[in-house]
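Commentary on secondary and tertiary structure
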Amino acid sequence: MNPLTLAEEIINGRRITREDDLSFFLTCDLDELCEGADRIRAACIGDRVDLCSIINGRSGRCPEDCKYCAQSAHHHTSCEVYDFLPEEEILKACKMNESEGVDRFSIVTAGKALTGKEFDQAIHAYETMHRECKIDLCASMGFLSAEQLHRLHEAGVTSYHHNIETSRRNFPNICTTHTYDMKIETLKKVKAEGMCACSGGIIGMGETWEDRLDMAVSLAELGIDSIPLNTLMPIPGTPLEHLPELSEPDILRTIAFFRYINPEANIRLAAGRALLTNDGETAFKAGASASITGNMLTTVACATIRSDRQMLANLGREVKPVSRKDV
């Protein structure tokens, strides 16, 4: 089948399942696949680009052994280590992102789950942000209970992020301290709470193409609303430090078939954008409709947000207006 023909079928309501011949996505012409993915994006999502930003609310000392992660206590990296950030610092970052026209702001914490006093601190921070800001709020805090998710929801959080990382088959090769099924159960709790479910993974961790296809289908089966796609940037001191970087064509093929399989989800660029032309411009022509921006809120966060907005404007895409007084 021609990718453009399949794209029209998807626009008209067809949905890809495990029963389909997914190998087609691996052999078809890449340019046509990307063009079809962009057509699906335009029809199902539109030209509006969703920009989110995150702050690392608690860093390092994570007891989980995820092989890609700089924050795991099992690895020897130069990762910064600190407890939950002061609320004032989080609120300041939230307001900066809102003023720069970012759609959503998230606190991300290292560890299996945020609990106890630190979880209470997070709830208070979200209540303050919800009261003082209009930006949408997201959280990424590990394996939370249904009660914790409900508390976050009540505090103003509308979206919860929890990556499945890879395929069910490959997951034990990446992490042994928790299971793929634990991931799935957490996402089901998110959906049951009525929150936007954000879940994706990382490509370039030694998985097969079939693993990537399986991840895409699994996310579709879960009804995930936002799918962040990270490309591994090997970190010294982690078990994956010597893996080769993926090529741009391989990244674009992955983004494109994720769009075919998840036509109505936001396919979100995350880590690894530096491997793509103009920090991701080609991906927005291959089905991507969203991005993480702000460079993890470093000192160049504003510059990163503004350069992203300019790149998207050049592509004819729409983003949220800024509210800075000097603009």
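As shown above, the structure is provided for reference.
To start, this report covers the structure provided alongside it. Every value quoted in this text rests on a predicted model; they were computed, and no experiment measured them. (Residues numbered from 1 in each chain as written. Predicted model: local features only at pLDDT ≥ 70, side-chain atom pairs only at ≥ 80, totals over all residues. Heavy atoms only, no water.)

Thoughts on the environment of Gly 206
Put simply, the rule reads: For helices the rule is a DSSP run of H or I covering at least 4 residues; for strands it is a run of E covering at least 2, with both sets numbered from the N terminus onward.
Relative to the assigned elements, Gly 206 resides in the loop between strand 6 (201-203) and helix 9 (209-222). As a C-alpha pair, Gly 206 and Thr 238 span 32 residues in sequence and 14 Å in three-dimensional space.

Thoughts on empty space enclosed by the protein
The condition that has to hold: A pocket, in this scheme, is an open set of points on a 1 Å grid over the protein atoms alone with protein on both sides within 12 Å along at least 5 of 7 lines, while a cavity is a set where a 1.4 Å probe fits but cannot get out; residues line either one if an atom lies within 4 Å of a point. Grid points are joined across faces, edges and corners, and a volume is the space filled by probe spheres set on the points. Under this grouping Gly is polar, as are all residues other than the nonpolar Ala, Val, Leu, Ile, Met, Phe, Trp, Tyr, Cys and Pro and the charged Asp, Glu, Lys and Arg.
Under the definition given, this model contains one cavity of 30 Å³ or more. Taken as a whole, the largest cavity spans an internal volume of roughly 70 Å³. If you go around the largest cavity, the residues you meet are Ile 203, Leu 229, Asn 230, Thr 231, Ile 251, Ile 255, Leu 269, Ala 270, Ala 271, Gly 272, Arg 273 and Leu 276. Of all the secondary-structure elements, those providing two or more residues to the lining of the largest cavity are strand 7 (226-231) and helix 10 (248-261). At three residues, strand 7 tops the list of elements feeding residues into the lining of the largest cavity. Tallied by class, residues from the lining of the largest cavity come to eight nonpolar, three polar and one charged.

A short note on the packing of aromatic side chains
Note the following rule: By convention, a stacked pair of Phe, Tyr or Trp rings (six-membered ring in the case of Trp) has centres within 6.5 Å and planes under 30 degrees apart, an edge-to-face pair has planes over 60 apart, and any other such pair is tilted. A 1.4 Å probe rolled over the protein chains alone gives each residue an accessible area, and that area as a share of the maximum for its type sets the label: buried under 20%, exposed over 50%, partly exposed in between. Put simply, a charge is over a ring when the Lys NZ or the Arg CZ is close to the ring centre, within 6 Å, and near the line of the ring normal, within 35 degrees.
This model, assessed by the stated rule, comprises six aromatic pairs. Residues Phe 24 and Phe 25 carry aromatic rings whose centres are separated by 5.5 Å and whose planes lie at 65° to one another, so their mutual orientation is edge-to-face. The same class applies to Phe 24 as to Phe 25, namely buried. Pairing Phe 25 with Phe 257 gives two aromatic rings, centres 6.1 Å apart and planes at 45°, and the pair type is tilted. Placement of the pair is Phe 25 in helix 2 (residues 24-27) and Phe 257 in helix 10, with a sequence separation of 232 residues. Looking at Phe 25, the relative accessible area reads 1%, which means it is buried. Taking relative accessible area as the criterion, Phe 257 reaches 0% and is therefore assigned buried. Connected via pairs of aromatic rings, a cluster forms that spans Phe 24, Phe 25, Trp 209, Phe 257, Phe 258 and Tyr 260. In this structure, Arg 212 packs its charged tip against the face of Trp 209, placed 4.4 Å from the ring centre.

Notes on helix 8 (residues 180-193)
The following threshold applies: Helix span, expected: 1.5 Å multiplied by one less than the number of residues in the helix. Two residues qualify as a contact provided that any one of their heavy atoms is within 4.5 Å of a heavy atom in the partner residue.
With 14 residues, helix 8 should cover 20 Å at 1.5 Å per step; its first-to-last C-alpha distance of 20 Å lies within 8% of that length. Regarding helix 8, the residues found buried are Tyr 180, Lys 183, Ile 184, Thr 186, Leu 187, Val 190 and Glu 193. Contact partners of the buried residues in helix 8: helix 6 (146-154), strand 4 (157-161), helix 7 (171-174), strand 5 (196-198) and helix 9.

A few points about the nonpolar core
Where we set the bar: Among buried residues, those of type Ala, Val, Leu, Ile, Met, Phe, Trp, Tyr and Cys that are joined through side-chain atoms within 4.5 Å constitute a nonpolar core.
Residues Phe 25 and Tyr 126 are the most contacted members of the largest nonpolar core, which totals 90 residues. Per-element tally for this core: the top contributor is helix 10, with eight residues. Residues in contact with Tyr 126, not counting those within four places in the same chain, are Ser 106, Ile 107, Leu 137, Cys 138, Ala 139, Met 141, Leu 152, Ala 155 and Val 157.

Some words on the side chain of Glu 118
Definition in use: Under the rule applied, a polar contact is a pair of N or O atoms within 3.5 Å (in protein, one hydrogen donor and one hydrogen acceptor; residues adjacent in sequence only if both atoms are side-chain atoms).
Relative to the elements of secondary structure, Glu 118 occurs in helix 5 (residues 116-132). Exposure remark for Glu 118: the relative accessible area of 17% places this residue in the buried category. Within the local environment of Glu 118, its side chain forms a polar contact with the side chain of Arg 58, the two groups lying 2.5 Å apart. Discounting chain neighbours no more than four positions away, the residues touching Glu 118 are Arg 58, Asp 83 and Phe 84.

Some points on the pattern of salt bridges
Which entries qualify depends on this criterion: When a carboxyl oxygen of Asp or Glu is within 4 Å of a side-chain nitrogen of Lys or Arg, the pair counts as a salt bridge.
In this structure the tally under the stated criterion is 27 salt bridges. For Glu 264, the salt bridge goes to Arg 15, with nearest N and O atoms at 3.6 Å. With Glu 264 in the loop between helix 10 and strand 8 (266-269) and Arg 15 in the loop between helix 1 (3-11) and helix 2, the pair connects residues that are 249 residues apart, well separated along the chain. Given a relative accessible area of 59%, Glu 264 falls into the exposed group. Overlapping salt bridges, with partners in common, bring together Asp 38, Arg 41, Asp 47 and Arg 317 in one network.

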